[in-house]
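Report on the structure
Each chain is listed here by its residues.
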Amino acid sequence: MAVTDPIADYLTRIRNAQLAGHRIVEIPASKLKKRMTEILYDQGYILKYMFDDEAGKGKQGVIKIAIKYDPSTRKPIIREMGRISKPGLRKYAKADELPRVINGLGVAIISTSRGVMTDKQAREANVGGEVLCYIY
């Protein structure tokens, strides 16, 4: 079955793995998902990741993500993930109107003309773009 919104599928797979208490989740890969995974790792939301390009003939491979949990409470580090720009209604923001998630404690992932980056990086580069999702 074809996925109509691969970013929502990416977020949902991570969310479902956290709810089930899994340590590792496998997600079909794409360039956008790989960059989003790198951002999650850089921001400290996931433990580690691996791109497996050999997982299937004619496919882009899979991304294996090790989910990060708080050692004392055993709750996932990612409290909430939400898709903002959807296929039916795209959300764009100018450089001076980029959203701040929980006053800077969370991260908004933005797709800009200079690539996929966080809201803080987009503000520093003074570029706007499509607001893909919020993570906190």
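Residues numbered from 1 in each chain as written. Predicted model: local features only at pLDDT ≥ 70, side-chain atom pairs only at ≥ 80, totals over all residues. Heavy atoms only, no water.

With respect to the side chain of Q18
Within the element layout of this structure, Q18 appears in helix α1 (residues 6-20). Excluding residues that lie within four positions of it along the chain, Q18 makes contacts with I67, Y69, P76 and I78. (Helix = DSSP H or I, 4+ residues; strand = E, 2+ residues; numbered from the N terminus. Contact = heavy atoms within 4.5 Å.)

A short note on the nonpolar core
In terms of nonpolar packing, the biggest core is built from 25 residues, with Y10, I14, M36, I65, I109 and I135 touching the most fellow members. Sorting the residues of this core by element identifies α1, β1 (24-28), α2 (31-42), β3 (62-67), β6 (107-112) and β8 (129-135) as the ones contributing at least two each. In terms of residues, this core owes the most to one element, α1, which gives five residues. With near-sequence residues (within four places) excluded, I14 lies in contact with V25, I27, L40, I65, I67, I78 and M81. Core analysis: the second largest hydrophobic core is formed by nine residues, V101, M117, A122 and V127 among them. (Core = buried A, V, L, I, M, F, W, Y, C linked by side-chain atoms within 4.5 Å. Buried < 20%, exposed > 50% of the residue type's maximum accessible area, 1.4 Å probe, protein only.)

Describing the pattern of salt bridges
A complete count under the given rule lists seven salt bridges for this structure. Put simply, E38 and R35 hold a salt bridge, and the shortest N to O gap is 3.5 Å. Taken together, the residues E38 and R35, both in helix α2 and three residues apart, mark about one turn of the helix. Here R123 and D119 are joined by a salt bridge, their closest N and O atoms 3.5 Å apart. Of this pair, R123 and D119 both sit in helix α3 (residues 119-125), separated by four residues, roughly a single helical turn. (Salt bridge = Lys/Arg side-chain N within 4 Å of Asp/Glu carboxyl O.)

Observations concerning unusual backbone geometry
For I102, which is not a glycine, the phi torsion comes out positive at approximately 50°. With respect to the helices and strands, the residue I102 is situated in the loop between β5 (92-93) and β6. Notably, N103 is not glycine yet its phi reads approximately 50°, a positive angle. Considering the arrangement of structural elements, one finds N103 in the loop between β5 and β6. For N103, a relative accessible area of 66% gives the class exposed.

Considerations on the sheet that holds strand β2 (residues 46-52)
Pairing within the open sheet is antiparallel, and its three strands lie in the order β1-β3-β2. Looking along the sheet, the strands with just one partner apiece sit at the ends: β1 and β2. The sheet shows a mean angle of 20° between the axes of neighbouring strands, taken without regard to direction. Where β2 lies against β3, six bridges are found, and the strand directions are antiparallel. (Pairing = 2+ DSSP bridges. Axes fitted to C-alpha atoms, helices over the stretch in contact; angles between N-to-C directions.)

What to know about the domain arrangement of the protein chain
Domain boundaries assigned for the protein chain yield domain 1 (6-67) and domain 2 (81-135). Averaged C-alpha coordinates put domain 1 and domain 2 at centres separated by 20 Å. Contact with domain 1, which involves twelve residues of that partner, is made by 14 residues of domain 2. Taken together, domain 1 and domain 2 are joined by zero salt bridges. (Domains from an automatic or database assignment.)

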